[in-house]
Amino acid sequence: MAGIVEQWSAAENGNANMTAKGSSRELRHGGRTAHNMSSSSLRKKSDIRVIQKVPYKGLKDFLSNLQEVILGTKLAILFPAIPAAIIGTYCGFSQPWIFGLSMLGLTPLAERVSFLTEQLAFYTVGGLLNATCGNATELIIAILALTNNKVAVVKYSLLGSILSNLLLVLGTSLFCGGIANLRREQRFDRKQADVNFFLLLMGLLCHLLPMLFGYVANGETPAGLIADMSLNLSRASSIVMLIAYIAYLVFQLWTHRQLFDAQDEDDEYDDNVAEEETAVISFWSGFAWLVGMTLVIALLSEYVVATIENASESWGLSVSFISIILLPIVGNAAEHAGAIIFAFKNKLDISLGVALGSATQIGLFVVPLTVIVAWILGINMDLNFNLLETGSLALSIIITAFTLQDGTSHYMKGLVLLLCYIIIAICFFVDKLPQKQPNAIHLGHQLMNNVAAANGEGVFSS
């Protein structure tokens, strides 16, 4: 009897220890999202033994931060592109070279911003900070393009980011994961994907309605009225989209956080995780580095916006192809690579969290916020992305939703998504039409000109 009591007591103590470890792990992982875990796959462990021998504390802290922030990533080899782009601007390099160097420089900066926001998350509301700064690069490029009145570039780049996440990132992840796990079926939790698709479809509705205004109007409708209707609807819809995104944050970070927490099964009860998930720099050091890197991103983004037309002419590529295809691939290369790495490890929930979460953030936060910022700046930007662009977005959302509907994956699903992305890329590659501002007023003029031509009347001037 005493032996039974001892075994029962030991079992109770064991369960208590397991529970304590599980609770500790939950606290450590509570603020981590799939985006963070994906970016962390590109980081490397810093060896600070040499720095610890420096006698001066201030210099030692600076060198330690320098090693963690600059050399603590596998993409550190691309950092020389940043001074090269800046020097090239003042030394008379051709603008296509400046454009290419700026794009290369933005790649490690985007990954380092993710690292710094995760460091600050140890001292603040981590999930909210990550959800706000997750796509800082796209937002900065969009705002700078707006200040240069390049509305078409803004729309193209944001659309490209959504398409890239839905088809390229997710397709590559499913394909690579399926190839690496041929002998077993890959499964994932559909609940998170369902929430993201609901929001993406709502955003698609906000893009479709302003575009349809031009098609339902008759020939007697003034073009200016169509443009005003589309603009007013777009601004109102943007406010609604931001409200939906705020509700999504509450849903994701508080009420239903268990659906979005990135879980790593391999280290479920591994106390070594605690060592890996501690802050390596102080709050104010992280804040200073984050501000500095944001300013550098703004500078390189300014170079990208200023040189994109010249790069288009020099390379023989349309602005739409560069903005929709090239910009997202290079700008989001870090998190894309992380998503693929986790798919290889049969952790599709993390890969889906990166791809769908980023697409949702751009579609429901960055796009409407850009419309609101343009409104404040006195620039007329609506949510009409034109028929070709909006059709590509709609079909991409529908195809991806059907691909993920059963909660299982194999390489064929990823291959189909990749082929769809290649078809869209070819479409914009062969599109040699002059750059146009996607706006309802142009659709209205085109409609009125068609009606006038059919009636044998003169053509309306724009």
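All values derive from a computational prediction rather than experimental measurement.

Once that is clear, we can look at the overall build of the protein. A tally of regular secondary structure across the protein gives 18 helices and 2 strands. For the protein, the proportion of its 462 residues judged to be buried stands at 52%. Long-range contacts, defined as pairs at least 24 residues apart, comprise 84% of the intrachain contacts of the protein with a sequence gap of at least 6. A total accessible area of about 21300 Å² is found for the protein, and carbon and sulfur atoms account for 65% of it.

Let us look at the nonpolar core. Phe99, Leu146, Leu166, Leu170, Leu352, Leu356 and Leu404 are the most contacted members of the largest nonpolar core, which totals 101 residues. Beyond its immediate chain neighbours, meaning those up to four positions away, Phe99 contacts Val304, Thr307, Ile308, Ala311, Trp315, Ile322 and Leu327.

In this section: the pattern of salt bridges. Under the definition given, this model contains 5 salt bridges. The partner of Glu111 in a salt bridge is Arg112, with the nearest N and O atoms 2.8 Å apart. Ionic pairing is found between Asp194 and Arg190, a salt bridge with its closest N-O pair at 3.7 Å. In this pair, Asp194 and Arg190 both sit in helix 9 (residues 190-216), 4 residues apart, roughly one turn of the helix. The partly exposed category is assigned to Asp194, whose relative accessible area is 26%.

Direction vectors running N to C along helix 8 (residues 151-180) and helix 14 (residues 333-344) enclose 30°, while the axes themselves pass 7 Å from each other. Overall, the two elements helix 8 and helix 14 adopt an arrangement that is roughly parallel. Between helix 8 and helix 14 lies a crossing of right-handed hand. Along its contact with helix 8, which presents Ser164, Asn165, Val169, Thr172, Ser173, Cys176, Gly177 and Ala180, the element helix 14 presents Glu335, His336, Ala339, Ile340, Ala343 and Phe344.

With that settled, the discussion passes to the UniProt feature "transmembrane region" (unreviewed entry) in the protein. UniProt marks residues 75-100, 158-180, 195-216, 236-254, 281-305, 317-344, 350-378 and 410-430 with the feature "transmembrane region" (unreviewed entry), using the numbering shown here. Helix makes up 97% of residues 350-378 and strand makes up 0%, while its end C-alpha atoms are separated by 40 Å. For residues 410-430, the helix share is 95%, the strand share is 0%, and the end-to-end C-alpha distance is 31 Å.

Scanning the model with the defined rule gives 8 aromatic pairs in all. Taking 5.0 Å as the distance between ring centres and 80° as the angle between the ring planes, the aromatic pair formed by Phe283 and Trp284 counts as edge-to-face. Within the aromatic cluster, the residues linked to one another by ring pairs are Tyr245, Tyr248 and Phe365. The positively charged end of Arg112 is found above the aromatic ring belonging to Phe115, 4.3 Å away from the centroid. In this structure, Lys345 packs its charged tip against the face of Phe342, placed 5.6 Å from the ring centre.

Once that is clear, we can look at the environment of Thr147. Checked against the element boundaries, Thr147 lands in helix 7 (residues 136-147). Along the primary structure Thr147 and Glu302 are separated by 155 residues, whereas in three dimensions their C-alpha atoms are 9.9 Å apart.

A few words on the packing of helix 13 (residues 319-331) against helix 17 (residues 411-430). Think of two packed helices as two axes; the pair is described by the angle between the axes and how far apart they sit. Here helix 13 crosses helix 17 at 140°, and the two axes come no closer than 8 Å. In terms of their interaxial angle, helix 13 and helix 17 are classed as oblique. Taken as a pair, helix 13 and helix 17 cross one another with a handedness that is left-handed. Every residue of helix 17 that contacts helix 13 at Ser320, Phe321, Ile324, Ile325 and Ile329 is listed here: Tyr421, Ala425, Phe428 and Phe429. For the contact of helix 13 with helix 17, the residue count by class is 8 nonpolar, 1 polar and no charged.

The rules behind these values
Residues numbered from 1 in each chain as written. Predicted model: local features only at pLDDT ≥ 70, side-chain atom pairs only at ≥ 80, totals over all residues. Heavy atoms only, no water. Helix = DSSP H or I, 4+ residues; strand = E, 2+ residues; numbered from the N terminus. Buried < 20%, exposed > 50% of the residue type's maximum accessible area, 1.4 Å probe, protein only. Contact = heavy atoms within 4.5 Å. Areas by Shrake-Rupley, 256 points an atom, 1.4 Å probe, with all protein chains shown as cover. Core = buried A, V, L, I, M, F, W, Y, C linked by side-chain atoms within 4.5 Å. Salt bridge = Lys/Arg side-chain N within 4 Å of Asp/Glu carboxyl O. Axes fitted to C-alpha atoms, helices over the stretch in contact; angles between N-to-C directions. Parallel < 35°, antiparallel > 145°, perpendicular 65-115°, else oblique. Left-handed = near helix turned anticlockwise from the far one by under 90°. UniProt positions renumbered as here; feature names shortened; annotations may be inferred. Phe/Tyr/Trp six-rings, centres within 6.5 Å; stacked < 30°, edge-to-face > 60°. Lys NZ or Arg CZ within 6 Å of the ring centre and 35° of its normal. Nonpolar A, V, L, I, M, F, W, Y, C, P; charged D, E, K, R; others polar.

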